[in-house]
Amino acid sequence: MHELSLAENVIRIVESAAQRAKAQRVSRVRLAIGALAHVDADTLQFCCTLAARQTLLAEAQFEIEQTPGRAHCASCQLDVELNQIGFPCPHCGGFELQVIAGEEMQVLEITVA
Ligand SMILES: [Zn+2]
């Protein structure tokens, strides 16, 4: 499952950051998922909870927000919001769109205790 390997990555990143900060446990993690990343937020949240077992994040709450996708349209030369691949440019209806944001995942904030 795609979400589970992402979740394992998140746990690894956050755990090593927490260890560097000499934290005993992580209470909260805020993540941002691009709208074009093909990730289901609820599934990712569930997978994070699973992957967090027996780590510093075992008690952590995971908050996931979605960031909008953006694409550059070659027809009208505008940068437009795009929240699903395969949709036309909302400005001119063209299909020559190149994704410039929205495929990434970021750890926004870690709260340690
Ligand atoms: Zn356009």
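Residues numbered from 1 in each chain as written. Predicted model: local features only at pLDDT ≥ 70, side-chain atom pairs only at ≥ 80, totals over all residues. Heavy atoms only, no water.

The chain has the name Hydrogenase maturation factor HypA in an unreviewed UniProt entry, where Chitinibacter fontanus is given as its organism. Note on the chain: under the UniProt heading Function (unreviewed entry), the record states "Involved in the maturation of [NiFe] hydrogenases. Required for nickel insertion into the metal center of the hydrogenase." Taken from UniProt, the Sequence similarities (unreviewed entry) comment for the chain reads in full: "Belongs to the HypA/HybF family." (UniProt positions renumbered as here; feature names shortened; annotations may be inferred.)

Draft legend 1. Structural context of the coordination of the zinc ion. Distances from the zinc ion to its protein donors, C73 (SG), C76 (SG), C89 (SG) and C92 (SG), fall within 2.2 to 2.4 Å. Along the chain, the residues donating to the zinc ion are arranged with the sequence spacing C-x2-C-x12-C-x2-C. Taken as a pair, C73 in strand β3 (residues 70–73) and C92 in the loop between β4 (79–81) and β5 (97–101) lie far apart in primary sequence, 19 residues in all. (Donors = N, O, S within 2.8 Å, 3.2 Å for Na, K, Ca; no water. Helix = DSSP H or I, 4+ residues; strand = E, 2+ residues; numbered from the N terminus.)

Draft legend 2. Expanded view of the sheet that holds β5. Pairing within the open sheet is antiparallel, and its 3 strands lie in the order β4-β3-β5. For this open sheet the edge positions go to β4 and β5, each flanked by a neighbour on one side alone. Adjacent strand axes in the sheet meet at a mean angle of 40°, parallel and antiparallel pairs treated alike. (Pairing = 2+ DSSP bridges. Axes fitted to C-alpha atoms, helices over the stretch in contact; angles between N-to-C directions.)

Draft legend 3. Looking closely at the nonpolar core. Among the nonpolar cores identified, the biggest contains 21 residues, and V26, V29, L44, L57 and F62 are the most heavily contacted of them. Elements supplying a minimum of two residues to this core: α1 (2–20), β1 (26–34) and α2 (41–51). No other element matches α1, which puts 6 residues into this core. Not counting residues within four places of it along the chain, the set of residues in contact with L44 comprises E3, L6, A7, L31, I33, V39, I64 and M105. (Core = buried A, V, L, I, M, F, W, Y, C linked by side-chain atoms within 4.5 Å. Buried < 20%, exposed > 50% of the residue type's maximum accessible area, 1.4 Å probe, protein only. Contact = heavy atoms within 4.5 Å.)

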